[in-house]
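# Residue-level structure breakdown
Listed here are the chains, written in short residue letters.
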Amino acid sequence: MKTIDRLLSASKPVWETYHQHPFVQGLQNGTLEREKFRHYVLQDYLYLAEYAKVFAIGITKARSLLVMQLFFSYIQAIVHSEMTTPSGYMGKLNISREELDQTPVALSNRSYTAYMMQVAYEGGEAEALTAILSCAYSYEAIGH
């Protein structure tokens with residue numbers, strides 16, 4: 001059994017709660033309140049800026065060109081793709097650039113990104129990748 005399979009098996013109850021969360025359920029069945037989605041779009045944009053920085057730290061920790069390129073490709077995808085995705089929602093949700101620039105980062109958002117940054121700063125390339133793994137994996141799992 002692969003390491004990832006063992007880890008996922010051991011944490012299965014936690015992952016199952018992701019799918020039962022009211023926010024995810026609301027997205028899935030179309031009942032999520034507009035203001036909750038609006039809050040998410042604002043916070044996600046702020047989150048992505050910090051998320052990209054974790055990969056930038058990873059570049060400084062990389063021990064090979066291949067790993068540097070991997071981290072760099074993630075930064076490009078985040079900045080040129082993921083951070084532009086909310087722009088369509090922003091228009092529909094009447095979110096202006098000024099509001100986005102003035103929106104404070106929620107405590108849960110700041111706590112999570114600070115944790116990822118700390119792990120990346122204190123560790124090596126493997127720790128930087130591990131710090132972002134739960135976010136990347138959870139979005140993929142929920143998306144499926």
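See the structure shown above.
Residues numbered from 1 in each chain as written. Predicted model: local features only at pLDDT ≥ 70, side-chain atom pairs only at ≥ 80, totals over all residues. Heavy atoms only, no water.

### Considerations on the overall build of the protein
- From N to C terminus, the protein includes 9 helices and 0 strands.
- Listing each helix as α and each strand as β along the protein from the N terminus yields α-α-α-α-α-α-α-α-α.
- Principal axes of the C-alpha set define a box for the protein whose edges measure 45 × 35 × 25 Å.
- The buried share of the protein, reckoned over its 144 residues, is 32%. (Helix = DSSP H or I, 4+ residues; strand = E, 2+ residues; numbered from the N terminus. Buried < 20%, exposed > 50% of the residue type's maximum accessible area, 1.4 Å probe, protein only.)

### With respect to unusual backbone geometry
- Although it is not a glycine, Asn94 sits at a positive phi angle of roughly 55°.
- In this fold, Asn94 is placed in the loop between α6 (86-92) and α7 (97-102).

### Let's talk about the packing of aromatic side chains
- Counted by the stated rule, this structure contains 10 aromatic pairs.
- Here Phe23 and Tyr40 contribute two aromatic rings whose centre-to-centre distance is 5.2 Å and whose plane-to-plane angle is 45°, an arrangement assigned as tilted. Residue Phe23 is found in helix α3 (residues 22-29), and its partner Tyr40 is found in helix α4 (residues 34-61); the two are separated by 17 residues along the sequence.
- Centre to centre, the rings of Phe37 and Tyr89 are 5.0 Å apart; their planes meet at 85°, and the pair counts as edge-to-face. Taken as a pair, Phe37 in helix α4 and Tyr89 in helix α6 lie far apart in primary sequence, 52 residues in all.
- Under the relative-accessibility criterion, Phe37 is labelled buried at 16%. (Phe/Tyr/Trp six-rings, centres within 6.5 Å; stacked < 30°, edge-to-face > 60°.)

### Considering the packing of helix α1 (residues 3-10) against helix α2 (residues 12-20)
- Relative orientation of the contacting elements α1 and α2 amounts to 70°, with a least axis distance of 5 Å. When the axes of α1 and α2 are compared, the pair comes out roughly perpendicular. Across the interface between the two elements, Leu8, Ser9 and Ala10 from α1 touch Lys12, Pro13 and Trp15 from α2.
- For the contact of α1 with α2, the residue count by class is 4 nonpolar, 1 polar and 1 charged. (Axes fitted to C-alpha atoms, helices over the stretch in contact; angles between N-to-C directions. Parallel < 35°, antiparallel > 145°, perpendicular 65-115°, else oblique. Contact = heavy atoms within 4.5 Å. Nonpolar A, V, L, I, M, F, W, Y, C, P; charged D, E, K, R; others polar.)

### Considering a nonpolar patch on the surface
- Taken together, Ile4, Leu7 and Leu133 make up a surface patch of nonpolar side chains, about 250 Å² in accessible area.
- Looking at the secondary structure, you find Ile4 in helix α1.
- The class of Ile4 is partly exposed, set by a relative accessible area of 36%. (Patch = residues over 30% accessible without salt bridge, like charges linked within 9 Å, V, L, I, M, F, W, Y side chains within 5 Å. Areas by Shrake-Rupley, 256 points an atom, 1.4 Å probe, with all protein chains shown as cover. Salt bridge = Lys/Arg side-chain N within 4 Å of Asp/Glu carboxyl O.)

### Structural notes on the environment of Leu42
- By secondary structure assignment, the location of Leu42 is in helix α4.
- Expressed as a C-alpha distance, the spacing of Leu42 and Ala77, which sit 35 residues apart in the sequence, is 19 Å.
- Among all residues touching Leu42, those that are not within four sequence positions of it are Ile95, Glu99, Leu100 and Thr103.

### Quick word on helix α9 (residues 125-143)
- For α9, spanning 19 residues, the distance from its first C-alpha to its last is 27 Å, which sits close to the expected 27 Å at 1.5 Å a residue.
- Along its length, α9 shows its largest kink, about 40°, at Leu133.
- The set of residues buried in α9 consists of Glu125, Ala128, Ala131, Ile132, Cys135 and Ser138. (Expected span 1.5 Å × (residues − 1). Bend = angle between axes of the 7 residues up to and from the residue.)

### Thoughts on the nonpolar core
- In terms of nonpolar packing, the biggest core is built from 30 residues, with Tyr51, Phe55, Ile78 and Met116 touching the most fellow members.
- Ranked by residues supplied to this core, first place goes to α4 with 11 residues.
- If we skip the residues at most four places from it in the chain, Tyr51 touches Ile78, Met116, Ile132, Cys135 and Ala136. (Core = buried A, V, L, I, M, F, W, Y, C linked by side-chain atoms within 4.5 Å.)

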